[in-house]
Amino acid sequence: GAPLAHQWPDMAPGERRSAVRQVAARLAALHGTEAPTDLPPIKGAPQLLDAASPAPAAPLVEALERAARLDHVDPLLLREAIDLVERTASALEPFAVTTLVHGDLTFENILCNRGDVTALLDFEWARPGPPDLDLDILLRCCAYPQLHVGARHEARTHAEDYAPVPGWLLEDYPSLFAIPDLLDRMRIYSLAFDVRELLAFPPAADLDGVSPLHPYHRLARVVERRSYLDTFL
């Protein structure tokens, strides 16, 4: 097979629908799998959260405080992000669970062969965690698919081609969307992803000249309630 992201632009709607149904079934099976008890800690996972801590959002708050001191950012917006996390962090409970998540399930990490999903790949960030951690990555992939493919595939990759995917996932894996306080949890996950990238790639110039896909702008859309989460959920 080849990555589903590379085949997606050429697939008919029915083929896309079938592929999502197959992905949902495999993802549900993964989420029902108990993690090995001797699994080593994962370093560098996409979201800055600590499953082993009684306060899993603490690393995110600390990262947002550091981000507020960067040049070319609005510290008041970062302060709003901190307030949002502190106000809703209780929604993460329970966070320490014993079943597996993939950790990086984009369409680039799904193999497909003639319409059949043949494999989920790249489990280096697989770890015990709540299933909606994977939902965060999948919805992000649908909103910003061009950020999750190789450079030679960017021109053929468009968010509008992924617009039906969240609704299909809801149909095929409804329990993934039935977690209490899902929107609050997903906003925290999204901020925990974006601030990690913001610290790694701080804006080098005034924000008006920075790509709308820069992690600062993605983070701002979450804080201002105008992100992909407000569309999909």
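So, here's what we can say about the structure. (Residues numbered from 1 in each chain as written. Predicted model: local features only at pLDDT ≥ 70, side-chain atom pairs only at ≥ 80, totals over all residues. Heavy atoms only, no water.)

**Description of the overall build of the protein**
Secondary structure assignment for the protein yields nine helices and five strands. In sequence order, the protein lays out its α and β elements as β-α-α-α-α-β-β-β-β-α-α-α-α-α. Here the C-alpha radius of gyration of the protein, 17 Å, is about what a compact globule of 233 residues would show, namely 17 Å. Across the 233 residues that make up the protein, the buried fraction comes to 49%. (Helix = DSSP H or I, 4+ residues; strand = E, 2+ residues; numbered from the N terminus. Rg over C-alpha atoms; globule rule 2.2 N^0.38 Å. Buried < 20%, exposed > 50% of the residue type's maximum accessible area, 1.4 Å probe, protein only.)

**Structural notes on the packing of aromatic side chains**
Throughout the structure, instances matching the rule amount to six aromatic pairs. Each ring, one from Trp 8 and one from Phe 107, has its centre 5.0 Å from the other, and the planes form 75°; the classification is edge-to-face. In this pair, Trp 8 sits in the loop between helix H1 (4–7) and helix H2 (13–31) while Phe 107 sits in the loop between strand S2 (100–101) and strand S3 (110–113), placing the two residues 99 residues apart along the sequence. Look at Tyr 228 and Phe 232: their rings are 6.3 Å apart centre to centre, the planes differ by 55°, and that puts the pair in the tilted class. With a gap of four residues between them, Tyr 228 and Phe 232 both fall in helix H9 (residues 228–232), about one helical turn apart. Taken together, the aromatic side chains of Trp 8, Phe 107 and Tyr 162 make up a single cluster linked through ring pairs. Over the face of the ring belonging to Tyr 144 we find Arg 218, whose NZ or CZ atom lies 5.8 Å from the ring centre. (Phe/Tyr/Trp six-rings, centres within 6.5 Å; stacked < 30°, edge-to-face > 60°. Lys NZ or Arg CZ within 6 Å of the ring centre and 35° of its normal.)

**Focus: helix H6 (residues 165–172)**
Three- or four-residue spacings in an α-helix give side chains the same orientation, since the helix completes a turn every 3.6 residues. Every buried residue of H6 is accounted for by Val 165, Pro 166, Trp 168 and Leu 169. In an axial view of H6, the angular spread of the buried residues amounts to 160°, which keeps them on one side of the axis. (Arc of directions from axis to C-beta.)

**Structural notes on the pairing of strand S4 (residues 116–120)**
Relative to S4, S3 runs antiparallel, the two sharing four bridges. Within S4, the residue paired with Leu 111 across the bridge is Ala 119. (Pairing = 2+ DSSP bridges.)

**Let's talk about helix H8 (residues 215–223)**
With nine of nine residues buried, H8 lies mostly within the body of the structure. Elements in contact with the buried residues of H8: helix H3 (58–67), helix H4 (75–88), helix H5 (132–143) and helix H7 (182–200). Phi for Arg 225, located one or two positions after H8, is positive at around 60°. (Contact = heavy atoms within 4.5 Å.)

Read these as geometric descriptors, not functional statements.
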